[in-house]
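Single-letter residue listing:
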Amino acid sequence: MYAFLPGFEQIDVEPPAGADPELVFFFDSGNLERSGSSVKQIASHATIVNIDHHPSNSRFGDINVIEPEASAVGQMVMEMLDHFDFQITPTIAINLYVALLTDTGGFRHENTTPRALEDAARLARLGADPGHIATQVYKMRSRPHRDAGLQDASRDHLEAQRSGPGDDAHRARRQADMGEGDAPDAA
Ligand SMILES: [Mn+2]
């Protein structure tokens, strides 16, 4: 489902063997346990920057940036890029747009704030194609058979990272909203 994202092929599900990074960023992860034992082991040696929007975040980082008002962590990343004067490339715009789209249930949940829509519009101007992305994200999801292999593992990893106390209800609602036959292109 997310294989269309630019840079997707660079994602490793597990940290590289023997890796001993000094700095680890966590995104959208309410607690350290959710990120897997190997990540936890790496993180025990590293400075942790914890960026999240779940109010229930356990604040496990050395630096915690928690913003419950954000509809998606992608918005927080966007603000950080602006703050540090990084240019938002089309590649970045597409990925951040998907973060916003999926965390708002396709801009249908109550966290679809004016700010979320403004950020989405800006990302569309910067290179994210809303129609194409919605097709990729939601049409692929309703296919009866999942793709095999790495894509599956990576998606499960992404789903696991996204799940949590706050997001479980979210996801259940999203699944109810986005039931089979309720694809966005029907709207
Ligand atoms: Mn989220």
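Residues numbered from 1 in each chain as written. Predicted model: local features only at pLDDT ≥ 70, side-chain atom pairs only at ≥ 80, totals over all residues.

In this section: the overall build of the protein chain. When its secondary structure is counted, the protein chain shows seven helices and three strands. Taken across its 187 residues, the protein chain has 24% of its residues classed as buried. In the protein chain, of all internal contacts separated by at least 6 residues, the share reaching a separation of at least 24 is 66%. (Helix = DSSP H or I, 4+ residues; strand = E, 2+ residues; numbered from the N terminus. Buried ≥ 20, exposed ≤ 12 C-beta atoms within 10 Å, placed from the backbone. Contact = placed C-beta atoms within 7 Å.)

With that settled, the discussion passes to the confidence of the model for the protein chain. Note: predicted coordinates in regions of low pLDDT should not be interpreted at a detailed level. Of all residues in the protein chain, 73% attain a pLDDT of 70 or more, and the chain-wide mean is 80. The secondary-structure element of the protein chain with the lowest mean pLDDT is helix H7 (residues 165-177), recorded at 46, while helix H4 (residues 114-125) shows the highest, at 98. Segment residues 163-187: pLDDT under 50, and 29 contacts once partners within four positions in sequence are set aside and those in other chains are kept. (pLDDT = per-residue confidence, 0-100.)

On to the nonpolar core. Core analysis: the largest hydrophobic core is formed by 25 residues, its most contacted members being Val73, Ala93, Leu96, Tyr97, Val98, Leu100 and Ile133. Elements with a contribution of two residues or more to this core: strand S1 (23-27), helix H2 (73-83), helix H3 (90-103), H4 and helix H5 (130-141). Tallying contributions element by element places H3 first for this core, with nine residues. Excluding residues that lie within four positions of it along the chain, leucine 96 makes contacts with Gly74, Val77, Met78 and Leu123. (Core = buried A, V, L, I, M, F, W, Y, C linked by C-beta atoms within 7 Å.)

It is worth spelling out the sheet that holds strand S2 (residues 47-52) at this point. Sheet architecture is open: three strands sit in the order S1-S2-S3, paired in parallel fashion. Where the open sheet ends on each side, the last strands, each with one partner, are S1 and strand S3 (63-66). Between one strand axis and the next, the sheet turns through 10 degrees on average, direction left out of account. In this sheet, S2 lies alongside S1 in parallel orientation, the contact comprising five bridges. Residue phenylalanine 27 lies in a different strand from S2, and its bridge partner there is isoleucine 51. (Pairing = 2+ DSSP bridges. Axes fitted to C-alpha atoms, helices over the stretch in contact; angles between N-to-C directions.)

Looking now at H3. For H3, spanning 14 residues, the distance from its first C-alpha to its last is 20 Å, which sits close to the expected 20 Å at 1.5 Å a residue. Here H3 lies mainly inside the structure; twelve of its 14 residues are buried. Turning to H3, its buried residues are Ile92, Ala93, Ile94, Asn95, Leu96, Tyr97, Val98, Ala99, Leu100, Leu101, Thr102 and Asp103. Just downstream of H3, glycine 105 is the residue with a positive phi angle, here 60 degrees. (Expected span 1.5 Å × (residues − 1).)

Moving on: H2. Of all the residues in H2, the buried ones are Val73, Gly74, Gln75, Met76, Val77 and Met78. Contacts made by the buried residues of H2 are with S1, S2, S3, H3 and H4. With its phi angle positive at about 65 degrees, aspartate 85 sits one or two positions after the end of H2.

Here the focus is unusual backbone geometry. A positive phi angle, close to 55 degrees, is found at arginine 59, a residue other than glycine. With respect to the helices, strands and loops of the structure, arginine 59 is situated in the loop between S2 and S3. One non-glycine residue with positive phi stands out, namely aspartate 85, at about 65 degrees. A count of 6 C-beta atoms within 10 Å places aspartate 85 in the exposed class.

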